[in-house]
Amino acid sequence: MSWLANFVRPKIRALIGKKKEIPDNLWDKCPGCGAMLFCRELEENPHVCRQCGFHLKLGAEKRLKLLFDDGAYKNIALPKVPADPLHFRDQKRYGDRLKEARAKTGNQDAILAGEGGMGGIPCVIAAFDFAFMGGSMGMAVGEGLIAAARRAVELDAPFIAIPASGGARMQEGALSLMQLPRTIIAADEVKQAGLPYIVVLTDPTTGGVTASFAMVGDIHIAEKGALIGFAGARVIQNTIRETLPPGFQRAEYLAEHGMVDLVVERKDLRATLIRVLGILLNRKESDAPLLLSGPVPHGARSAQRI
Ligand SMILES: [Zn+2]
């Protein structure tokens, strides 16, 4: 028995262990059409379904690489904040949730900021990572946005904020709500310096983020199909006791109703931002009107010009 236990069993365990090394995330399911998508293919086509064009969520680092020239940028150091100031606990300790999210994403919190060139224009971009606790905005995210906005002012460069967030971070209570006015002031500092402040609304942009810096941009660009709203559709429906129209709180619906300036596909986002920045900074190469790319929402003008 000892030979079986000491020699054969570990061998079998090693074999099973080796099998587990094969990554189980080779495939992802498209939430739009249900198609099974090969992850490597998704990486090549920045997380957009080839079958139906559904825009899946994109991590902050990939987002920054996608936008900056040659994917090159310098990380902006974000201030450290006190961890778990309220010693909050629900089913798990907030401190443990933070540790898990850090291990999962490799980031300190739900925001990354970088400085670099976009079409040769120096700019600062702050992008949210939805994979980090639903992109929720606590003190770290608030401080991160403020640091990024101030860096933009320091560099005399435009500031682009890219939220992907469920809203305020409940585990930080009132401290997370304080980030709403603070991030508004950060955006205002960019405007006071006469610099463009652009918001790229991605799926989802909801709750406290929509109620703060995300809705005060000079230009609001939304990614195709993104959910953008404050309260959830079910809450609104139950409150007003009316059936909501189709496409409610989606990027295209908001563009039709004047809350969003442009709806773009991810593949066109970088080129669109370069054009918009060129226009706002009075660059000569941007004299031609900017046309809305991609499918035109029902009832919208055939082409939007800005
Ligand atoms: Zn699909």
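Residues numbered from 1 in each chain as written. Predicted model: local features only at pLDDT ≥ 70, side-chain atom pairs only at ≥ 80, totals over all residues. Heavy atoms only, no water.

### Comments concerning the side chain of His55
Now for step 1: For His55, the position within the fold is in the loop between helix H2 (39–44) and helix H3 (60–67).
Now for step 2: Exposure remark for His55: the relative accessible area of 6% places this residue in the buried category.
Now for step 3: Reaching out from His55, the side chain makes a polar contact with the backbone oxygen of Gly53 at a distance of 2.9 Å.
Now for step 4: Engagement of the side chain of His55 in a polar contact is seen with the backbone nitrogen of Arg266, the distance being 2.9 Å.
Now for step 5: Filtering out sequence-adjacent residues up to four positions away, His55 remains in contact with His47, Val48, Glu223, Lys224, Glu265 and Arg266. (Helix = DSSP H or I, 4+ residues; strand = E, 2+ residues; numbered from the N terminus. Buried < 20%, exposed > 50% of the residue type's maximum accessible area, 1.4 Å probe, protein only. Polar contact = N/O pair within 3.5 Å; in protein donor to acceptor, adjacent residues only side chain to side chain. Contact = heavy atoms within 4.5 Å.)

### So, the sheet that holds strand E5 (residues 121–128)
Now for step 1: Spatially, E3-E4-E5-E6-E7-E8-E9 is the arrangement adopted by the 7 strands of the open sheet, whose pairing is mixed. Whereas interior strands pair on both sides, the edge strands pair on one side only; in this sheet they are strand E3 (74–75) and strand E9 (262–264).
Now for step 2: Sheet contacts for helix H5 (residues 139–155): strand E4 (111–118), E5 and strand E6 (159–162); angle to E5, the most-contacted strand, approximately 175°. (Pairing = 2+ DSSP bridges. Axes fitted to C-alpha atoms, helices over the stretch in contact; angles between N-to-C directions.)

### With respect to the nonpolar core
Now for step 1: If you look at the biggest cluster of nonpolar residues, it comprises 40 residues, and the most contacted ones within it are Phe128, Leu145, Phe159, Tyr197, Phe213, Ile228 and Val260.
Now for step 2: Counting only elements with at least two residues in this core, the list comes to helix H4 (94–105), E4, E5, H5, E6, helix H7 (179–192), strand E7 (197–201) and helix H9 (251–256).
Now for step 3: When residues of this core are assigned to their parent elements, the largest contribution, 6 residues, is made by H5.
Now for step 4: For Phe128, the contacting residues outside a window of four places in its chain are Ala60, Ala110, Ile111, Gly135, Val141, Leu145, Ile162, Pro163, Ala164, Ser165, Val209 and Phe213.
Now for step 5: Counting 22 residues, the second-largest nonpolar core is a separate cluster that includes Ala60, Leu64, Leu262 and Val264. (Core = buried A, V, L, I, M, F, W, Y, C linked by side-chain atoms within 4.5 Å.)

### Things to note about the layout of surface pockets
Now for step 1: Estimates place the volume of the largest pocket at around 560 Å³.
Now for step 2: Residue lining of the largest pocket: 19 residues in total, with His47, Lys57, Gly59, Lys62 and Ala131 positioned closest to the centre.
Now for step 3: Of all elements in the fold, only H2, H3 and H4 reach the threshold of two or more residues within the lining of the largest pocket.
Now for step 4: Split into classes, the residues belonging to the lining of the largest pocket amount to 7 nonpolar, 5 polar and 7 charged.
Now for step 5: Taken as a whole, the second largest pocket encloses approximately 390 Å³ of empty space.
Now for step 6: Lining the second largest pocket we find 21 residues, and of these Leu78, Pro79, Gln108, Asp109 and Ala140 sit closest to its centre. (1 Å grid on protein atoms, 1.4 Å probe; cavity = no way out; pocket = protein on both sides within 12 Å on 5 of 7 lines; lining within 4 Å. Points joined across faces, edges and corners; volume = space filled by probe spheres on them. Nonpolar A, V, L, I, M, F, W, Y, C, P; charged D, E, K, R; others polar.)

So yeah, pure geometry; function would need other evidence.
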